[in-house]
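Reading the structure
What follows is each chain in one-letter form.
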Amino acid sequence: MRSTGYRRTVAALSVCSLALVVSACGSGDDTASGKTRITVNCMPPKSAKVDRRFFEQDIASFEKQHPDIDVVAHDAFPCQDPKTFDAKLAGGQMEDVFYTYFTDANHVVDINQAADLTPYVKELKSYGTLQQQLRDIYTVDGKIYGIPRTGYSMGLIYNKKLFEKAGLDPEQPPSTWEELRADAKKIAALGDGTVGYADYSAQNQGGWHFTAELYSQGGDVVSADGKKATVDTPEGHAVLQNLHDMRWTDASMGSKQLLVINDVQQMMGSGKLGMYLSAPDNIPILVKEKGGNYKDLALAPMPGGKGTLIGGDGYMVNKKASPDQIRAGLQWLDHMFLTPGAGFLGDYARAKKADAPVGLPEPRLFTGAADAKDQQVKKANANVPVENYQAFLDGNQSLRMKIEPPNAQQIYSVLDSAVSAVLTKKDADIDQLLKDASTKIDGILARS
């Protein structure tokens, strides 16, 4: 899954309009009036006026600095639609430089639709400054096929006001699942429809969160070689047992279940929810769309202390792109997304002026001096209470960062059933649920 924020993570766009499909999304001929022409996607839609304006400004400044390159941006929603993604690739309709989730990288390479960027990355000024674990996601069999653009890690969003009301210390969020369960019970005891802890359990989102919770306990969804399920384990049992007990024994999760992200965000924004798992980019949504207040919303690392799920996105290049288009695409990525303190994601002064949130703890893409510069500019322009996120930053230092499993969406669909069962059936058989899930996941892995 992806984390669901828009500003600063831009979950948007990639399907070509019908008019564009006629001539294909990829540029075909890479020259236009003597220029190298590239098509790119994930331009914010017109409805996202601020982001759209920033994106257009950055393309214009890039073309001014590179008069030999012509950038044609395509917009649609979302950035990458799983229903059409493979068809676009197979049909030759994909842009020259195209958006992907981290979990897409191996698949695009497997079906031979990605250009090998290895000979060209030395021309990408920022490449060596990017986090190694993010670079590795787009490295397959020693070859580089993509460039990461953002990254996120899961944490625990909690309502400081409800913590205080329940007699809890808002500066001491739970660090274990036992503490979370106890805190959730106290918050739910406030009554008046208040829920201590909420979790997703539908539309594959329950499987996504099961995975995050399993990682937090030190477990894995699949074996290291990607061939066998590893959910029918003590760690997997602990995840489902904890959810079952909070739902049925403690009554701290409320009676309404089969929730998805929008439901939970609405609960948190209205001040009726104590805690839920998410990435930092949910916070501005809670404020701008759901009625929340920045000062009340804090972020802690994943309970459990052993690991957290990471995700994110990046760009790959169409295998049909010419060497000149590849070079132009990498230059565009450097300019738009990969220059600390500048560009579409990093111009914090511009974002602050437009009343976009500045100071959230992620994405954190760079290392060393590049990271220091990016953080310095971000801090200087912060307009959100950064102290509310310090626990998250500190705690993440000791967590194992793990990407989503292979065939993630199919596996999440299987795990959805297990999560929804324990939250809707008091007598759910956890052992059988995990056994069944393991068998189904083994089948998915065997077919991939």
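Summary of the structure given here. Because the structure is predicted, anything quoted here is derived from the model rather than measured.

**Digging into the overall build of the protein chain**
A count of helices and strands for the protein chain gives 18 helices and 13 strands. Per-residue burial for the protein chain yields a buried fraction of 59% across its 448 residues. Counted over contacts in the protein chain with a minimum sequence separation of 6, partners at least 24 positions apart contribute 78%. Total accessible area on the protein chain is roughly 18200 Å²; 50% of this is exposed by carbon and sulfur atoms.

**Some details on the sheet that holds strand β11 (residues 297–301)**
One open sheet holds the 4 strands; their spatial order is β9-β10-β8-β11, and the pairing between them is mixed. Looking along the sheet, the strands with just one partner apiece sit at the ends: β9 (195–197) and β11. In this sheet, adjacent strand axes meet at a mean angle of 25 degrees when their direction is disregarded. The sheet contact formed by strand β8 (residues 155–159) and β11 spans 5 bridges and is antiparallel. For leucine 156, the partnering residue across the bridge sits in β11 and is alanine 300. In this fold helix α10 (residues 261–269) packs onto β8, β9, β10 (273–278) and β11, with an angle of close to 140 degrees to the strand it touches most, β10.

**Notes on unusual backbone geometry**
A cis amide bond links glutamate 362 to the next residue, proline 363, at an omega of 5 degrees. Mapped onto the elements, proline 363 comes out in the loop between α14 (348–353) and α15 (368–380). At glutamine 203, a residue that is not glycine, the phi angle is positive and equals roughly 55 degrees. Of note, glutamine 203 is situated in the loop between β9 and α8 (205–216).

**Some thoughts on a negative patch on the surface**
Among the surface-exposed residues, Asp232, Asp427, Asp429, Asp431 and Asp436 lie close enough to one another that they form a single negatively charged patch. Relative to the helices and strands, aspartate 429 resides in the loop between α17 (408–424) and α18 (430–447).

**What to know about the packing of aromatic side chains**
Geometry of an aromatic ring pair is reported as the spacing of the ring centres plus the angle between the planes. In the structure shown here, the tally under the stated rule is 13 aromatic pairs. Plain terms: the ring middles of phenylalanine 85 and phenylalanine 98 are 6.4 Å apart, the flat faces sit at 55 degrees to each other, and that makes the pair tilted. In this pair, phenylalanine 85 sits in helix α3 (residues 82–90) while phenylalanine 98 sits in strand β4 (residues 97–101), placing the two residues 13 residues apart along the sequence. Here phenylalanine 85 and phenylalanine 98 have matching classes, each one buried. Judged by centre distance (6.0 Å) and plane angle (85 degrees), the ring pair of phenylalanine 102 and tyrosine 138 falls under edge-to-face.

**Some words on the state of the cysteines**
The final tally for this structure, using the stated rule, is 1 disulfide. One disulfide bridge connects cysteine 42 with cysteine 79, the sulfur atoms lying 1.9 Å from each other. Here the S-S torsion is close to 60 degrees, and the disulfide linking cysteine 42 with cysteine 79 is therefore right-handed. Placement of the pair is cysteine 42 in the loop between β2 (35–40) and α2 (49–65) and cysteine 79 in the loop between β3 (69–73) and α3, with a sequence separation of 37 residues. We note that cysteine 42, like cysteine 79, is buried.

**As for the nonpolar core**
One finds Tyr197, Phe210, Leu243, Met275 and Ile441 to be the most contacted residues of the largest nonpolar core, which totals 74 residues. No other element matches the 10 residues that α17 contributes to this core. Setting aside its immediate chain neighbours within four residues, isoleucine 441 contacts Val222, Ala229, Val231, Ile411, Val414 and Leu415. Counting 54 residues, the second largest nonpolar core, distinct from the first, contains Phe85, Tyr99, Ile137 and Leu333.

**Quick look at helix α9 (residues 234–248)**
In this model α9 runs 21 Å from its N-terminal to its C-terminal C-alpha over 15 residues, within 8% of the 21 Å that 1.5 Å per residue would give. Among all positions in α9, only Gly236, Val239, Leu240, Asn242, Leu243, His244, Asp245, Met246 and Arg247 are buried. Contact partners of the buried residues in α9: α7 (177–188), β9, α8, α17 and α18.

**As for the packing of α2 against helix α12 (residues 323–337)**
The geometry of α2 relative to α12 is characterised by a closest axis approach of 10 Å and an angle of 130 degrees between their N-to-C directions. With respect to each other, α2 and α12 are oriented oblique. For α2 against α12, the interelement crossing comes out right-handed. Of the residues in α12, those in contact with Phe55, Asp58, Ile59, Ser61, Phe62 and Gln65 of α2 are Ala328, Gln331, Trp332, His335, Met336 and Phe337. Looking at the contact of α2 with α12, its residues break down into 7 nonpolar, 4 polar and 1 charged.

**Considerations on the environment of asparagine 381**
Along the chain, asparagine 381 falls in the loop between α15 and α16 (390–396). You can call asparagine 381 buried: its relative accessible area is 14%. Among all residues touching asparagine 381, those that are not within four sequence positions of it are Tyr348, Ala349, Lys352 and Val358.

**With respect to the side chain of glutamine 265**
Locating glutamine 265 in the fold gives a position in helix α10. Residue classification places glutamine 265 among the buried positions, given a relative accessible area of 4%. A polar side-chain atom of glutamine 265 sits 3.0 Å from a polar atom in the side chain of asparagine 282.

**Thoughts on the pattern of salt bridges**
Should the charged atoms of two oppositely charged side chains come close, the side chains can pair. Summed over all chains, the structure comprises 18 salt bridges. Its salt-bridge partner being glutamate 56, residue arginine 52 comes within 3.1 Å of it at the nearest N-O pair. Here arginine 52 pairs with glutamate 56, and both are found in helix α2, just 4 residues apart, close to one helical turn. Classification of arginine 52 by relative accessible area gives buried; the value is 11%. Residue glutamate 56 is classed as partly exposed on the basis of its relative accessible area of 39%. Through salt bridges with shared partners, one network takes in Arg52, Glu56 and Asp75.

**Observations concerning the side chain of serine 252**
Turning to its location among the elements, serine 252 is positioned in the loop between α9 and α10. Not counting chain neighbours up to four residues away, the residues in contact with serine 252 comprise Ala184, Lys185, Ala188, Val195, Gly196, Tyr197 and Met246.

Cut-offs and rules
- Residues numbered from 1 in each chain as written.
- Predicted model: local features only at pLDDT ≥ 70, side-chain atom pairs only at ≥ 80, totals over all residues.
- Heavy atoms only, no water.
- Helix = DSSP H or I, 4+ residues; strand = E, 2+ residues; numbered from the N terminus.
- Buried < 20%, exposed > 50% of the residue type's maximum accessible area, 1.4 Å probe, protein only.
- Contact = heavy atoms within 4.5 Å.
- Areas by Shrake-Rupley, 256 points an atom, 1.4 Å probe, with all protein chains shown as cover.
- Pairing = 2+ DSSP bridges.
- Axes fitted to C-alpha atoms, helices over the stretch in contact; angles between N-to-C directions.
- Patch = residues over 30% accessible without salt bridge, like charges linked within 9 Å, V, L, I, M, F, W, Y side chains within 5 Å.
- Salt bridge = Lys/Arg side-chain N within 4 Å of Asp/Glu carboxyl O.
- Lys, Arg positive; Asp, Glu negative; His and termini not counted.
- Charge placed at Lys NZ, Arg CZ, Asp CG, Glu CD.
- Phe/Tyr/Trp six-rings, centres within 6.5 Å; stacked < 30°, edge-to-face > 60°.
- Disulfide = S-S within 2.5 Å.
- Core = buried A, V, L, I, M, F, W, Y, C linked by side-chain atoms within 4.5 Å.
- Expected span 1.5 Å × (residues − 1).
- Parallel < 35°, antiparallel > 145°, perpendicular 65-115°, else oblique.
- Left-handed = near helix turned anticlockwise from the far one by under 90°.
- Nonpolar A, V, L, I, M, F, W, Y, C, P; charged D, E, K, R; others polar.
- Polar contact = N/O pair within 3.5 Å; in protein donor to acceptor, adjacent residues only side chain to side chain.

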